[in-house]
Amino acid sequence: AVATAALVQLRPALEEAARSRGVGMGTLAIAWVLHHPRMTAAIIGPRRPERIDTALAALAVNLSPEDAASLAALLPSVGDGLLFAVCVCNAKQQT
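As the structure is a computational prediction, the values presented were derived from the model and not from experiment.

A.B. asks: Explanation requested: the overall build of the protein chain in the structure shown.
C.D. replies: Helix and strand counts for the protein chain come out as 5 helices and 0 strands. The order of helices and strands in the protein chain, counted from the N terminus, is α-α-α-α-α. A total of 95 residues make up the protein chain; the buried ones form 34% of that total. Long-range contacts, defined as pairs at least 24 residues apart, comprise 72% of the intrachain contacts of the protein chain with a sequence gap of at least 6.

Quick look at the structure:
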């Protein structure tokens, strides 16, 4: 609930971060997970076949260490941003 509340306030910044890279929030979230040094895999579970495109698009997103740090900084209330992808997915379900 706390992470969801924080995301509601930060969603415009997350949307802008995705828009500035030419991708959706879900794609950016998966890309961030793939680039995070503490993550070994991105486990996805699209509910509809067309959502697989969101996940596959993340493979083409190149994030510099600075990009990853700026994304993590958007969610200071959840530590280093490890919940970024979970929060984005939760926010998409809320709309």
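Still more ground to cover, so stick around.
A.B. asks: Explain the side chain of T27 here, please?
C.D. replies: Within the secondary structure, T27 sits in helix 2 (residues 25-35). Separated by 3.0 Å, the side chain of T27 and the backbone oxygen of T54 make a polar contact. For T27, the contacting residues outside a window of four places in its chain are T54, A57, A58 and V61.

A.B. asks: What should I look at first to understand the nonpolar core in this one?
C.D. replies: Among soluble globular proteins, nonpolar side chains are generally buried collectively. In this structure, L28, A31, W32, L63 and L71 are the most contacted members of the largest nonpolar core, which totals 16 residues. If one sorts the elements of this core by residue count, helix 2 sits on top with 6 residues.

A.B. asks: Got a minute to help me understand a nonpolar patch on the surface in this structure?
C.D. replies: Residues L34, I44, I52, L56 and L59 make up a contiguous nonpolar surface patch of roughly 440 Å² in combined accessible area. In this structure, I44 sits in the loop between helix 2 and helix 3 (52-58). Judged by relative accessible area, I44 falls into the partly exposed class, the value being 39%.

A.B. asks: Just to check I follow, could you spell out the pattern of salt bridges for this structure?
C.D. replies: Applying the stated criterion across every chain, the model contains 3 salt bridges. Across the pair E16 and R19 runs a salt bridge, and its minimum N-O distance is 3.2 Å. Here the residue E16 and the residue R19 both occupy positions in helix 1 (residues 2-20), the gap between them amounting to 3 residues, near one helical turn. Under the relative-accessibility criterion, R19 is labelled exposed at 54%. The residue D67 makes a salt bridge to R21 at a minimum N-O spacing of 3.3 Å. Placement of the pair is D67 in helix 4 (residues 65-73) and R21 in the loop between helix 1 and helix 2, with a sequence separation of 46 residues.

Definitions and limits used
- Residues numbered from 1 in each chain as written.
- Predicted model: local features only at pLDDT ≥ 70, side-chain atom pairs only at ≥ 80, totals over all residues.
- Heavy atoms only, no water.
- Helix = DSSP H or I, 4+ residues; strand = E, 2+ residues; numbered from the N terminus.
- Buried < 20%, exposed > 50% of the residue type's maximum accessible area, 1.4 Å probe, protein only.
- Contact = heavy atoms within 4.5 Å.
- Polar contact = N/O pair within 3.5 Å; in protein donor to acceptor, adjacent residues only side chain to side chain.
- Core = buried A, V, L, I, M, F, W, Y, C linked by side-chain atoms within 4.5 Å.
- Patch = residues over 30% accessible without salt bridge, like charges linked within 9 Å, V, L, I, M, F, W, Y side chains within 5 Å.
- Areas by Shrake-Rupley, 256 points an atom, 1.4 Å probe, with all protein chains shown as cover.
- Salt bridge = Lys/Arg side-chain N within 4 Å of Asp/Glu carboxyl O.

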